[in-house]
Every structure is written in structure tokens, then in C-alpha cells.
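# Examining the three-dimensional arrangement
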Amino acid sequence: LLFLFHPRFLDYADLIPHAALAYHAFDDFSGLPGWTDAQAAQEASLAARADVVFAVSREVGERLPAPGPSRYVELQNGADADAFAAGGTQPCPADLAAVPGPRIGYVGRISLKLDVELLRALAESRPGYQWVYIGPVSFPRDGADRSAFDALTRLPNVHFLGEKSHRDLPAYQAHMTVNILCYKTSPGWWVSCYPLKIHEYLASGPPVVATALASLREFGDVLAMPAAEPAAWLAAVDAAVAGNGVGSRASRLATAAANSWDHRVDLLESHLARLARAA
């Protein structure tokens with residue numbers, strides 16, 4: 001079996017002998033910056049040649065070139081649920097402990113997918129909350145998004161703690177008051193993604209407030225998903241800070257456990273085993 005997870009690897013399908021070919025679209029590649037016509041042609045060829053196509057979300061699957069949308073298998077992101085559930089048993093990291101509560105946390109790449117205008121409005125409206133960002137910054141050097149991001153960094157209740165090792169993230173997430181996922185809702189690759197961090201957030205225990213992405217709507221019993229405007233977001237965050245977040249700690253951990261990487265790999269292996277038998 002040959003398993004390719006980006007269109008740029010198409011040439012390997014010609015160079016490596018194989019009995020069956022799998023393509024894993026783990027993101028909406030066509031919406032990412034730098035996507036070229038040549039890569040689009042590679043993805044079209046790969047989707048046509050693959051014996052099985054995996055897509056991280058229904059939205060990504062339906063955006064695949066033909067015949068991908070008619071035969072993809074949804075293979076969502078998961079979490080190391082046990083590792084993140086153990087975060088609450090670990091001490092609060094020193095740099096986070098230096099930030100008073102309540103702490104509203106975001107963990108992940110700090111990039112164009114974030115609605116920085118909304119985040120700035122939230123931080124300005126709740127100066128008593130501390131807004132904590134953990135992850136690498138990859139904003140462009142100029143433009144409207146960069147200006148909004150720079151304004152966000154200047155607020156006294158906004159804290160950027162930098163990129164952390166993945167093994168250290170459970171402790172950071174568990175010691176937040178609320179974890180947030182504030183993505184844009186305007187057109188872009190982000191609207192069709194299945195955020196890797198969502199089940200890590202849930203496994204960590206604190207309430208979660210997230211953008212109402214199509215891929216997350218099935219989790220309305222454990223996620224607050226307000227409309228993309230400040231008043232709705234403030235109401236959701238305020239409720240979570242007050243102990244009235246959506247779902248209970250137990251229900252959030254149970255959802256994360258049901259969406260662990262173990263379950264995802266079981267699904268992947270079942271499809272690859274059938275493919276191997278057919279080959």
C-alpha cells in the first residue's frame with residue numbers, strides 16, 4: 001500500500017511500486033496560501049488514481065476534485081485523550097501561573113485563520129480577563145490582519161507565551177479557565193477544517209467556546225458555539241467563567257475519549273485492511 005498525504009507527493013505513485021494507493025486530504029489544501037495550478041492538477045490526478053481517499057471533514061471531502069467527492073472516507077482528527085486528561089494532575093506551568101485568572105486560553109498556530117478583530121474586541125470588553133495565547137506566530141508582515149494583530153498584542157491583558165512542546169500542552173490547557181477556538185467565518189480554508197485541538201481542549205476539562213464550524217456542529221452538547229459577533233461571544237465566555245459552560249467536565253472528557261487517536265487509527269486500519277485484501 002502506498003499512502004500519500006499531500007498532492008505534491010504524486011510523483012511517488014510513479015516511482016514506488018504498489019498494489020493499492022491511498023490519498024489522505026488532511027486539510028483543504030486548495031485554500032491554503034501558495035496553492036498553485038500545478039498542485040491542483042496533482043490533486044486531481046491523485047484523487048482519480050487513488051483506490052481510497054480519506055478526508056479530514058465532510059467539507060474537505062466535498063471540495064476534492066472528481067471523483068473524490070463521490071467516494072471519500074471521512075477520517076477526522078483526534079486527540080491523545082488520556083495525556084490531555086492528565087493535564088489537571090500536573091502543576092500549573094510557571095509562566096502561566098504568573099498570569100492571574102480568569103485565564104481565557106488559545107493553543108495553536110497564531111495565523112490568518114484567527115479572527116483577530118473579534119479577539120481584540122473581546123479583550124477590550126473584558127479587561128479583567130487575561131487572554132493567553134500559546135503557539136507560533138505566523139502572521140504576514142503587513143495588511144489589515146497584521147494591523148489588527150499588532151493592536152491585539154498591545155493590550156495589557158493579552159499574553160503571548162510562545163510555542164511549547166506538545167508534551168507540555170496538557171498542563172497549560174488544563175489550567176485555563178476557558179479554552180477558546182476563535183476562527184474566522186469569512187471564506188477561507190479554515191471554514192472547512194476539523195481543528196486538531198478541539199478534542200485536546202475537551203480532554204483537558206475546562207469549558208470550551210468555539211467558532212461554529214460545520215465540522216463541529218455535532219458537538220453542541222459540549223461546546224459553546226456563539227455567533228461570530230462580540231456580544232454573543234462575550235455572553236458565552238462569561239457563562240463559562242461563571243461555571244455555566246456548555247456540558248460538564250465529565251461529558252467533555254467522554255467526548256474526547258470517544259474521539260481519540262486510537263479510534264481514528266482503528267478506522268484507518270479497517271479501510272487499509274480491506275484495501276490490502278482486495279489488492
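Before any of the text, the structure's been laid out above.
Anyway, here's the lowdown on the structure attached to this text. Every value quoted in this text rests on a predicted model; they were computed, and no experiment measured them.

So, on to the side chain of S192. Position of S192 among the secondary structure elements: in the loop between strand 8 (178–181) and helix 9 (197–204). Among the residues examined, S192 registers a relative accessible area of 0% and is labelled buried. At 3.3 Å, the side chain of S192 and the side chain of D28 are in polar contact. Excluding its chain neighbours within four sequence positions, the residues that come into contact with S192 are D28, S57, E59, V60 and R63.

With that settled, the discussion passes to helix 10 (residues 230–241). For the α-helix, the turn length of 3.6 residues means that residues three or four positions removed from each other point alike. End to end, helix 10 covers 16 Å across 12 residues, agreeing with the expected 16 Å (1.5 Å per residue, within 8%). For helix 10, every residue scored as buried is listed here: A232, W233, L234, A236, V237 and A240. The inward-facing, buried residues of helix 10 contact strand 5 (103–107), helix 6 (116–125), strand 6 (130–134), strand 8 and strand 9 (208–210). Capping the start of helix 10 is the job of one residue whose side-chain oxygen sits 3.0 Å from the backbone nitrogen of A231: E229. Just beyond helix 10, the residue with positive phi is G243, at close to 90°.

Time to look at the pairing of strand 8. Side chains V178 and I180 project from strand 8 onto one buried face, and the interleaved N179 and L181 project onto a second face that is buried too. Looking at chain direction, strand 5 and strand 8 are connected through 2 bridges and run parallel. Considered in strand 8, the bridge of I104 is made with V178. Note: strand 8 against strand 9, 3 bridges, orientation parallel. Within the sheet, the bridge partner assigned to N179 lies in strand 9 and is V208. Between the parallel pair strand 8 and strand 9, the chain is carried across by helix 9, and the sense of this crossover is right-handed.

Turning our attention to the packing of aromatic side chains. The final tally for this structure, using the stated rule, is 11 aromatic pairs. Both rings, one in Y133 and one in F160, keep their centres 4.9 Å apart while their planes meet at 15°; by these two values the pair is stacked. With Y133 in strand 6 and F160 in strand 7 (residues 158–160), this pair connects stretches of sequence that are 27 residues apart. Classification of Y133 as buried rests on a relative accessible area of 2%. A centroid spacing of 4.6 Å and a plane angle of 15° characterise the contact between F139 and F149, whose relative ring orientation is stacked.

The rules behind the values
- Residues numbered from 1 in each chain as written.
- Predicted model: local features only at pLDDT ≥ 70, side-chain atom pairs only at ≥ 80, totals over all residues.
- Heavy atoms only, no water.
- Helix = DSSP H or I, 4+ residues; strand = E, 2+ residues; numbered from the N terminus.
- Buried < 20%, exposed > 50% of the residue type's maximum accessible area, 1.4 Å probe, protein only.
- Polar contact = N/O pair within 3.5 Å; in protein donor to acceptor, adjacent residues only side chain to side chain.
- Contact = heavy atoms within 4.5 Å.
- Expected span 1.5 Å × (residues − 1).
- Pairing = 2+ DSSP bridges.
- Right-handed = clockwise from strand over helix to strand, strands pointing away.
- Phe/Tyr/Trp six-rings, centres within 6.5 Å; stacked < 30°, edge-to-face > 60°.

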